[in-house]
Amino acid sequence: MPVAPVPPPQPAAAPVDPQLLAILVCPLTKSPLRYDRTAGELISDKAGLAFPIRDGIPIMLVDEARRIEDDPHPPVPPGLRP
Amino acid sequence: MTELPRLFDRRAVHRNRIRALADREYQPFLLDEVADRLVERLGEIRRPFPRVLELGSWRGRLADLLRLAGPGKELIVAVDPVADALDVGPGLKVQAEPEALPFADESFDLVVSALALHHVDDLPGVLLQLRRILAPDGLMLLALLGGESLFELRTALMQAELDIKGGAAMRVAPFVDIRDAAALLQRAGLALPVADVDRITVSYPDALALLHELQSMGEGGALLERPKGLFRRDLLLRAAQIYGEQFARADGRVIASFDILHLSGWKPHGSQQQPARRGSGQVRLAAAMGVPVEVLEGRAPPQGRDPDDQAG
């Protein structure tokens, strides 16, 4: 019986330079970030936002961040809009 | 927190820049000129700056120059809200807004910025953040468009709109004034604050060429309350005509002024020059100046008294 095709694995996200990791904080709360290597995200628990990383470049824009604990792409709350 | 009055449309600012950056052939001559002058100023300072932040980037053109000059041996970070501005250039890159910088306290020894801060709504807030991320005795050296920049264009557009429509909208963004800038530096708690203006005058075949250049620089309209849509053709032509009449040189080319505000200030540190403690003086001012005390205090010196006999 044919098996459903397995989706190709996501290409491993280019890692963030450790020198950058050492100085990056949340742009809103200025609190420390958690680096989720597998998801390729920098997570601000205080702001409840996950900032994406593209080609090793952290995208520290609230507009582009994912709200944690909700659906993947909800609108940014009004208070956090630029 | 009170909501800050918004002047600029961030999306329009970014859109204009993305469009400008798409033309890889374009050499941002004004940026290069400003970057040159900025690095030259830095050359006069005898102090190493191992960790550098380039705030607002055009493919690292300023950072490239800086690196050649010496700073940034340990770390260079380029920050820009637009991804295309960071696709080339030295050092590490972070996409971020200047008004929400994602860096920990005391992360840098030097922050430089060329032509990137005239679109921010909250310049005082940016200065405070820069002070925060600078290490003690760190320096910020910022060059921004300000003062009377593009007053010729402003005048011509306003006159043309009045002629044709009987009313005028703001088309050229308001700029930071040099006196305001100096006060902001002081309010941000920076040591040895200095603000001065460099005027760069550029000539163009005509006003339309200037507008085209501004677009190439990514400086199209970005005011929140700007009139939407393109300029009406008749308005544009009338403005170009007025520009040509009022701001042409003898050879027929028109001129445009760019005022570059250079703002610098240091993160306070004990080793910096400080004003002396009040009451710590050892010599009377009158003695130092060689005049009687009464002269300094506004009273006339007594008759026949020797002005030199006042020390102590």
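Our structure's up above, just so we're on the same page.
Draft legend 1. Geometry of the pattern of salt bridges. Residue and element names in this part refer to chain B. Tallied over the entire structure, the rule returns 19 salt bridges over all chains. As a salt-bridge pair, R238 and D163 come within 2.8 Å of each other at their nearest N and O atoms. A residue pair is termed long-range when its members are at least 10 positions apart, and R238 in helix α8 (residues 233–246) and D163 in helix α5 (residues 151–165) qualify at 75 residues. A relative accessible area of 39% places D163 in the partly exposed class. Put simply, R24, R59 and D87 are held in one network by salt bridges that share partners.

Draft legend 2. The packing of aromatic side chains, seen in detail. Residue and element names in this part refer to chain B. Using the criterion set out here, one finds five aromatic pairs over all chains in the structure. Considering the side-chain rings of F49 and W266, the 6.3 Å spacing of their centres and the 35 degrees angle between planes classify their relative orientation as tilted. Within this pair, whereas F49 is found in the loop between α2 (29–43) and β1 (51–55), its partner W266 is found in strand β7 (residues 254–266), the two being separated by 217 residues in sequence. Using a relative accessible area of 4% as the deciding quantity, one classes F49 as buried. Judged by relative accessible area, which is 14%, W266 ranks as buried. Consider the rings of Y243 and F247, whose centres lie 5.4 Å apart with planes at 70 degrees: the pair is edge-to-face. The residues Y243 and F247 share a single accessibility class, namely buried. In this structure an aromatic cluster arises from ring pairing among F151, Y243 and F247.

Draft legend 3. Expanded view of the interface of chain A and chain B. The interface of chain A with chain B comprises 14 residues on the first partner and 21 residues on the second. At the boundary of chain A and chain B, one finds one salt bridge. One salt bridge connects R11 of chain B with D63 of chain A, and the closest N-O pair in it is separated by 4.0 Å. Linking chain A to chain B there are seven residue pairs in polar contact (both at pLDDT 80 or more). Residue assignment for the side of chain A that touches chain B shows that the elements contributing at least two residues are α1 (18–23) and β4 (57–58) of chain A. Ranked by residues supplied to the side of chain A that touches chain B, first place goes to α1 of chain A with three residues.

Draft legend 4. Structural context of the nonpolar core. Counting 53 residues, the largest nonpolar core has V112, L153, L210, Y243, F258 and I260 of chain B as its most contacted members. Among the elements that take part in this core, α2 of chain B stands out by supplying seven residues, more than any other. Sequence-distant contacts of Y243 of chain B, defined by excluding residues within four places in its chain, comprise E152, L153, A156, A207, L210, A248, V254, I255 and A256 of chain B. Ranked by size, the runner-up nonpolar core spans 44 residues in total, among them I23, A47 and I53 of chain A together with V77 of chain B.

Draft legend 5. Focus on the side chain of S257 of chain B. All names here are of chain B. Topologically, S257 is positioned in strand β7. Within the structure, the side chain of S257 is placed 2.6 Å from the side chain of E152, a separation counted as a polar contact. Ignoring anything within four residues of it in the chain, the contact list for S257 reads S149, L150, F151, E152, R199, I200 and T201.

The rules we used
Residues numbered from 1 in each chain as written. Chains lettered and ligands numbered in written order. Predicted model: local features only at pLDDT ≥ 70, side-chain atom pairs only at ≥ 80, totals over all residues. Heavy atoms only, no water. Salt bridge = Lys/Arg side-chain N within 4 Å of Asp/Glu carboxyl O. Helix = DSSP H or I, 4+ residues; strand = E, 2+ residues; numbered from the N terminus. Buried < 20%, exposed > 50% of the residue type's maximum accessible area, 1.4 Å probe, protein only. Phe/Tyr/Trp six-rings, centres within 6.5 Å; stacked < 30°, edge-to-face > 60°. Contact = heavy atoms within 4.5 Å. Polar contact = N/O pair within 3.5 Å; in protein donor to acceptor, adjacent residues only side chain to side chain. Core = buried A, V, L, I, M, F, W, Y, C linked by side-chain atoms within 4.5 Å.

Any functional reading would require information that these geometric values do not contain.
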